[in-house]
Amino acid sequence: MSTLDDCRIIALPRHRHENGSLTEVENISGMPFAVKRVFYLYDVPGDSERGGHSHHKAQEFIISASGAFDVVLDDGHNRRTFTLNRPYQALYIPCGIWRELNNFSSGSVCLVLTSELYDEADYVRDYSEFKRIKQ
């Protein structure tokens, strides 16, 4: 069973040049999974919330490719908020952790890399069910 202690910010390779910076998301040291799916959220109104689910199997890296937003994580016992606002940092979330994304700044882009292809059966979308599973 995953806990908040398993969640962490991971520094991504950052290559600075006078004409701009580049961050790669392949061959990340300590990456615990092979990426099978990539998607991104954008045009999210600042007062909206995304997420509101957990996964049975999928692990994720969440990156603020642009702007800033908060990721509230919950392991069924404790909650912790991570503010993502640097494109060279990724938040690692193992399976079995509830996540909510909120406080999106204008123009923010949330990039998500996952260990699994999309499968609706992998989602736990009811918080009461999540709490029951975590017991």
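Residues numbered from 1 in each chain as written. Predicted model: local features only at pLDDT ≥ 70, side-chain atom pairs only at ≥ 80, totals over all residues. Heavy atoms only, no water.

**Digging into the sheet that holds strand E1 (residues 8-11)**
Thinking step 1. In space, the 5 strands of this open sheet follow the order E1-E9-E6-E11-E4, with antiparallel pairing throughout. The strands lining the two open edges of the sheet, one partner per strand, are E1 and strand E4 (37-42). In this sheet, neighbouring strand axes are inclined to one another by 25° on average, regardless of whether the strands run parallel or antiparallel.
Thinking step 2. Pairing analysis gives 4 bridges linking E1 to strand E9 (residues 89-93), with the strands arranged antiparallel. Counted as the bridge partner of Arg 8 is Tyr 92 from E9. (Pairing = 2+ DSSP bridges. Helix = DSSP H or I, 4+ residues; strand = E, 2+ residues; numbered from the N terminus. Axes fitted to C-alpha atoms, helices over the stretch in contact; angles between N-to-C directions.)

**Considerations on the layout of surface pockets**
Thinking step 1. If you add up the space inside the largest pocket, you get close to 290 Å³.
Thinking step 2. Lining the largest pocket we find 21 residues, and of these Phe 39, His 53, His 55, Glu 60 and Tyr 123 sit closest to its centre.
Thinking step 3. Of all the elements in the fold, those that place two or more residues in the lining of the largest pocket are E4, strand E5 (50-55), strand E6 (60-66), strand E10 (98-102) and strand E11 (109-114). (1 Å grid on protein atoms, 1.4 Å probe; cavity = no way out; pocket = protein on both sides within 12 Å on 5 of 7 lines; lining within 4 Å. Points joined across faces, edges and corners; volume = space filled by probe spheres on them.)

**What about the sheet that holds strand E12 (residues 123-124)?**
Thinking step 1. The strand order across the open sheet built from 5 strands is E8-E7-E10-E5-E12, with neighbouring strands paired in antiparallel fashion. The sheet is open, and its two borders are formed by strand E8 (79-84) and E12, each paired with just one other strand.
Thinking step 2. Here strand E7 (residues 69-74) runs beside E10; their pairing, made up of 5 bridges, is antiparallel. Residue pairing in the sheet places Val 72 in a bridge with Glu 100 of E10.

**Examining the packing of aromatic side chains**
Thinking step 1. In total, this model carries 9 aromatic pairs according to the counting rule given.
Thinking step 2. Ring geometry for Trp 98 and Tyr 127: centres 5.2 Å apart, planes at 80°, overall edge-to-face. With Trp 98 in strand E10 and Tyr 127 in helix H1 (residues 127-134), the pair connects residues that are 29 residues apart, well separated along the chain.
Thinking step 3. Under the relative-accessibility criterion, Trp 98 is labelled buried at 4%. (Phe/Tyr/Trp six-rings, centres within 6.5 Å; stacked < 30°, edge-to-face > 60°. Buried < 20%, exposed > 50% of the residue type's maximum accessible area, 1.4 Å probe, protein only.)

**Re the pairing of E6**
Thinking step 1. Of all 7 residues in E6, 5 are buried, a share of seventy percent or more.
Thinking step 2. Where E6 lies against E9, 4 bridges are found, and the strand directions are antiparallel. Along E9, the bridge assignment pairs Ile 62 with Leu 91.
Thinking step 3. Relative to E11, E6 runs antiparallel, the two sharing 6 bridges. Bridging from a neighbouring strand, Ser 64 pairs with Cys 110 of E11.

**A word on the side chain of His 53**
Thinking step 1. Note that His 53 resides in strand E5.
Thinking step 2. Separated by 3.4 Å, the side chain of His 53 and the backbone oxygen of Gly 51 make a polar contact. (Polar contact = N/O pair within 3.5 Å; in protein donor to acceptor, adjacent residues only side chain to side chain.)

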